[in-house]
Amino acid sequence: MFKFNFNADEFDASESYENEDHVVKTEELTNSYTLATLPFTELIIGDKSLKLIQEFPNTYNSDLIPGTYEGGFKLWECTLDLLEYLSNNTMYYKEKSVLDLGCGTGLLGIFTLISGAQNVDFQDFNKDVLTNTTMSNVLVNCKERIKVCKYYSGDWKSFTTFNEDTYDLILTSETIYNVNNYTKLIKLFENKLKPSGSILLIAKNYYFGVGGSITEFLNCLKSSKMNSDIVWTSTDGVKKTLLNIHF
């Protein structure tokens, strides 16, 4: 796992951030001064406008390679549903600490950041997703608030072990497709959520070909310290469920 902060006003190519086996040099990070010229898609969520940078290609040439690439370059459809829910439920994140878990594009965390969150941490399995996509989107949407953001890469076990922070709200979209990761994910929830906090987890009801499902995840959750409520389900198309998980 590595962790680093990124302040565009302090862009120093000689600086580095070290944690465990990973060293991240600032010269690897996106040059914020060129971002204004890159093409983007504009998403309107409630009364907010989000910019999604489109310039950086998926070098893995796949939506998912388990254990190597976990889909961070793609904007998964459940994320849009969760964004709409967040736009109507500000009590979850106003003046709260937020973790965007498996963040990918980072839009969930970014939306809360421009809508009143106190601070946001972004976690993704892949370093290059964070440096090319997540950070770029943070910079074009809320550059003035990047000092209250931190970024982490690595798997959930290392994040649980090495990150000492806890959060009022954990947001995660389409992260239950692999049943082999459920134990690590739930352990992370138990260790990183504040006692009065909430986890908003959204996913398709079933992931064909990889075996994960809402039902399987809820069965696994029963053996933990946590409870869950279904707060939204889709009414047409692909069936999706949004859970509020809490102590």
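This text gives an overview of the structure that appears in the document. Since the model is a prediction, treat every value here as computed from it, not as a measurement. (Residues numbered from 1 in each chain as written. Predicted model: local features only at pLDDT ≥ 70, side-chain atom pairs only at ≥ 80, totals over all residues. Heavy atoms only, no water.)

### Let's talk about helix H1 (residues 77-87)
Of all 11 residues in H1, eight are buried, a share of seventy percent or more. Listed as buried for H1 are Cys 78, Thr 79, Asp 81, Leu 82, Leu 83, Tyr 85, Leu 86 and Ser 87. (Buried < 20%, exposed > 50% of the residue type's maximum accessible area, 1.4 Å probe, protein only. Helix = DSSP H or I, 4+ residues; strand = E, 2+ residues; numbered from the N terminus.)

### Some remarks on the pattern of salt bridges
On inspection of all chains with the given rule, the structure shows eight salt bridges. As a salt-bridge pair, Glu 77 and Lys 204 come within 3.7 Å of each other at their nearest N and O atoms. Placement of Glu 77 in helix H1 and of Lys 204 in strand S10 (residues 193-204) is noted, with a sequence separation of 127 residues between them. Residue classification places Lys 204 among the buried residues on the basis of a relative accessible area of 13%. (Salt bridge = Lys/Arg side-chain N within 4 Å of Asp/Glu carboxyl O.)

### Examining helix H6 (residues 214-221)
For H6, every residue scored as buried is listed here: Ile 214, Phe 217 and Leu 221. Buried residues of H6, viewed axially, fall in a sector of 65°; they line one side. On its buried face, H6 sits against helix H5 (182-192), S10, strand S11 (227-233) and strand S12 (240-246). (Arc of directions from axis to C-beta. Contact = heavy atoms within 4.5 Å.)

### With respect to the environment of Lys 147
Looking at where Lys 147 falls in the secondary structure, it is placed in the loop between helix H3 (127-142) and strand S8 (149-153). Residue class for Lys 147 comes out exposed when judged on its relative accessible area of 66%. Residues Lys 147 and Asn 119, 28 residues apart in the sequence, show an inter-C-alpha distance of 8.7 Å.

### Quick notes on the packing of helix H2 (residues 107-114) against H3
Two elements in contact, H2 and H3, have axes separated by 10 Å at closest approach and are oriented at 25°. For the element pair H2 / H3, the angle class is roughly parallel. As H2 packs across H3, the resulting crossing turns out to be right-handed. Residues Ile 110, Leu 113 and Ile 114 of H2 form the contact with H3, whose own contacting residues are Asn 137, Val 138, Asn 141 and Cys 142. Classifying every residue of the contact of H2 with H3 by side-chain character gives five nonpolar, two polar and no charged. (Axes fitted to C-alpha atoms, helices over the stretch in contact; angles between N-to-C directions. Parallel < 35°, antiparallel > 145°, perpendicular 65-115°, else oblique. Left-handed = near helix turned anticlockwise from the far one by under 90°. Nonpolar A, V, L, I, M, F, W, Y, C, P; charged D, E, K, R; others polar.)

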